[in-house]
Amino acid sequence: MNESNMENEKTPLYVAFSTQKGGVGKTTFTVLAASYLYYLKGYDVAVVDCDYPQHSIAGMRKRDAEQVGADEDYKRMAYEQFTRLGKKAYPVLCSSPEKAIATADEYIAAGHVPDIVFFDLPGTVNSEGVINSLAGMDYIFTPISADKVVLESSLSFAMAIQKLLVKNEACRLAGLYLFWNMVDGREKTDLYAAYDKTIKELELPLMKTFIPDTKRYKKELVADKKAVFRSTLFPASRPLVRGSNLEELITEITYYIKLQ
């Protein structure tokens, strides 16, 4: 069997970071995971930005490209990186939540076969179009925080998805996993222990890795030459990865989605 036929037989994984509440990090983790796996681990990746109409990730790609074009240090970094990799930046495809699957399917039908397609999806479970897109995922990862309102909303979303889609054999969705984000080290651990107990009682899968509350997760390319963390053109800088639990999170994600 020739190599092109083998490539055509590859089935991309559809993975979404999705939650019902905004500001919990789904867009940030979509970018961080895509950039880490593409630029550092060598996987072929595409991103479908369903944050309609503002398209946050597409906007980030535009800012990244403008910053690289205007800054000699970033320009050199980009040249060295893409020369070494022998490939361009991963694509960011704009879509609406309802058309997310169709957008990815059309991209693949045009001859692009990535290992994984990340979707930045909202968690509006009262929209049939969004439910259909969520049903078309292979895996969903939901960041949660210890804020009572956010947590209740996230757990409500997760339980609905678990009941409607994960336990429905007719659906493609194989699993939904929660993970703690913005964990404040000053908060008493018994608060999280109580929440973990509730999550376990609801029979919702909770990942082992938690993400500490740190400003680095908001750090994009800037002109003052500080290390890069969140970027669509570069992976997170090694000094900033330390202590962020980003590597641990992505390692756990690749385990759950069985990424070869």
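Heads up: the structure comes first, above all this text.
Note that this is a predicted model, so its numbers are computed, not measured.

K.L.:
Could you give an account of the packing of aromatic side chains, with specific residues and numbers?
P.N.:
In total, this model carries 16 aromatic pairs according to the counting rule given. For the pair Tyr 74 and Phe 234, a centre-to-centre distance of 6.4 Å together with 35° between the ring planes defines the contact as tilted. Residue Tyr 74 is located in helix H4 (residues 72–85), and its partner Phe 234 is located in the loop between helix H8 (189–201) and helix H9 (238–241); the two are separated by 160 residues in the primary sequence. Note on Tyr 74: relative accessible area 3%, which makes it buried. Judged by centre distance (5.6 Å) and plane angle (20°), the rings of Phe 141 and Tyr 177 are stacked. In this pair, Phe 141 sits in strand S5 (residues 139–144) while Tyr 177 sits in strand S6 (residues 175–180), placing the two residues 36 residues apart along the sequence. One aromatic cluster is present, formed by Phe 17, Phe 29, Phe 118, Phe 141, Tyr 177, Phe 179, Tyr 255 and Tyr 256 through successive ring pairs. Above the plane of the ring of Tyr 38 lies Lys 87, whose end atom (NZ or CZ) is 3.9 Å from the centre.

K.L.:
Go over the layout of surface pockets with me, naming the residues and quoting the values.
P.N.:
Where empty space is left in the structure can be found by rolling a water-sized probe over the atoms. Its volume calculated, the largest pocket comes out at about 300 Å³. Along its surface, the largest pocket is lined by 18 residues, and Gly 23, Val 24, Gly 25, Lys 26 and Thr 28 are the ones closest to its centre. Its residues assigned to classes, the lining of the largest pocket comprises six nonpolar, seven polar and five charged. By volume, the second largest pocket amounts to about 180 Å³. Lining of the second largest pocket is provided by 14 residues; of these, Met 77, Gln 81, Phe 234, Pro 235 and Ser 237 occupy positions nearest its centre. Broken down by secondary-structure element, the contributors of at least two residues to the lining of the second largest pocket are helix H2 (26–40), H4 and H9.

K.L.:
Can you break down the sheet that holds strand S3 (residues 92–94) residue by residue, with the values?
P.N.:
Spatially, the six strands line up as an open sheet ordered S3-S2-S4-S1-S5-S6, and their pairing is parallel. For this open sheet the edge positions go to S3 and S6, each flanked by a neighbour on one side alone. Across the sheet, the mean angle separating the axes of adjacent strands is 25° when strand polarity is ignored. Sheet analysis places strand S2 (residues 45–49) next to S3, joined by three bridges and oriented parallel. Paired with Val 48 across the strands is Leu 93, a residue of S3. Strand contacts of H8: S5 and S6, with the helix running at about 170° to S6, the strand carrying the most contacts. Lying over the sheet, helix H10 (residues 246–256) contacts strand S1 (13–19), S5 and S6, oriented at roughly 150° with respect to S5.

K.L.:
Provide a residue-level description of the pattern of salt bridges, including the pertinent values.
P.N.:
The tally for this structure, following the rule as stated, stands at ten salt bridges. Linking Arg 76 and Glu 80 is a salt bridge whose minimum nitrogen-to-oxygen distance equals 3.7 Å. Separated by four residues within a single helix, Arg 76 and Glu 80 lie in helix H4, roughly one turn from each other. Its salt-bridge partner being Glu 152, residue Lys 148 comes within 2.6 Å of it at the nearest N-O pair. With Lys 148 and Glu 152 both in helix H7 (residues 148–166) and four residues apart, the pair spans about one turn of that helix.

K.L.:
If you had to explain the packing of helix H6 (residues 128–135) against H7 to someone new, which residues and values would you point to?
P.N.:
At a minimum axis separation of 11 Å, H6 and H7 run at an interaxial angle of 70°. Viewed along their axes, H6 and H7 adopt a mutual orientation that is roughly perpendicular. Across from Ile 131, Leu 134 and Ala 135 in H6, the residues of H7 making contact are Phe 157, Ile 161, Leu 164 and Leu 165. Taken together, the residues that form the contact of H6 with H7 break down as seven nonpolar, no polar and no charged.

K.L.:
Mind laying out the nonpolar core, listing which residues take part and the relevant values?
P.N.:
In terms of nonpolar packing, the biggest core is built from 45 residues, with Val 45, Tyr 90, Phe 118, Phe 141 and Ile 257 touching the most fellow members. Ranked by residue count, the leading element in this core is H2, at nine residues. If we ignore the near neighbours within four places in the chain, the residues touching Val 45 are Ala 34, Leu 37, Tyr 38, Tyr 90, Pro 91, Pro 114, Ile 116 and Phe 118. Grouped together as the second largest cluster of nonpolar side chains are 37 residues, Ala 100, Ile 144, Leu 165 and Tyr 192 included.

K.L.:
Describe in detail H2, supporting the description with residues and values.
P.N.:
The terminal C-alpha atoms of H2, which comprises 15 residues, lie 21 Å apart, in line with the 21 Å expected from a rise of 1.5 Å per residue. With 14 of 15 residues buried, H2 lies mostly within the body of the structure. Where H2 terminates, the next one or two residues include Gly 42, which has phi positive at roughly 80°.

Rules used throughout
Residues numbered from 1 in each chain as written. Predicted model: local features only at pLDDT ≥ 70, side-chain atom pairs only at ≥ 80, totals over all residues. Heavy atoms only, no water. Phe/Tyr/Trp six-rings, centres within 6.5 Å; stacked < 30°, edge-to-face > 60°. Helix = DSSP H or I, 4+ residues; strand = E, 2+ residues; numbered from the N terminus. Buried < 20%, exposed > 50% of the residue type's maximum accessible area, 1.4 Å probe, protein only. Lys NZ or Arg CZ within 6 Å of the ring centre and 35° of its normal. 1 Å grid on protein atoms, 1.4 Å probe; cavity = no way out; pocket = protein on both sides within 12 Å on 5 of 7 lines; lining within 4 Å. Points joined across faces, edges and corners; volume = space filled by probe spheres on them. Nonpolar A, V, L, I, M, F, W, Y, C, P; charged D, E, K, R; others polar. Pairing = 2+ DSSP bridges. Axes fitted to C-alpha atoms, helices over the stretch in contact; angles between N-to-C directions. Contact = heavy atoms within 4.5 Å. Salt bridge = Lys/Arg side-chain N within 4 Å of Asp/Glu carboxyl O. Parallel < 35°, antiparallel > 145°, perpendicular 65-115°, else oblique. Core = buried A, V, L, I, M, F, W, Y, C linked by side-chain atoms within 4.5 Å. Expected span 1.5 Å × (residues − 1).

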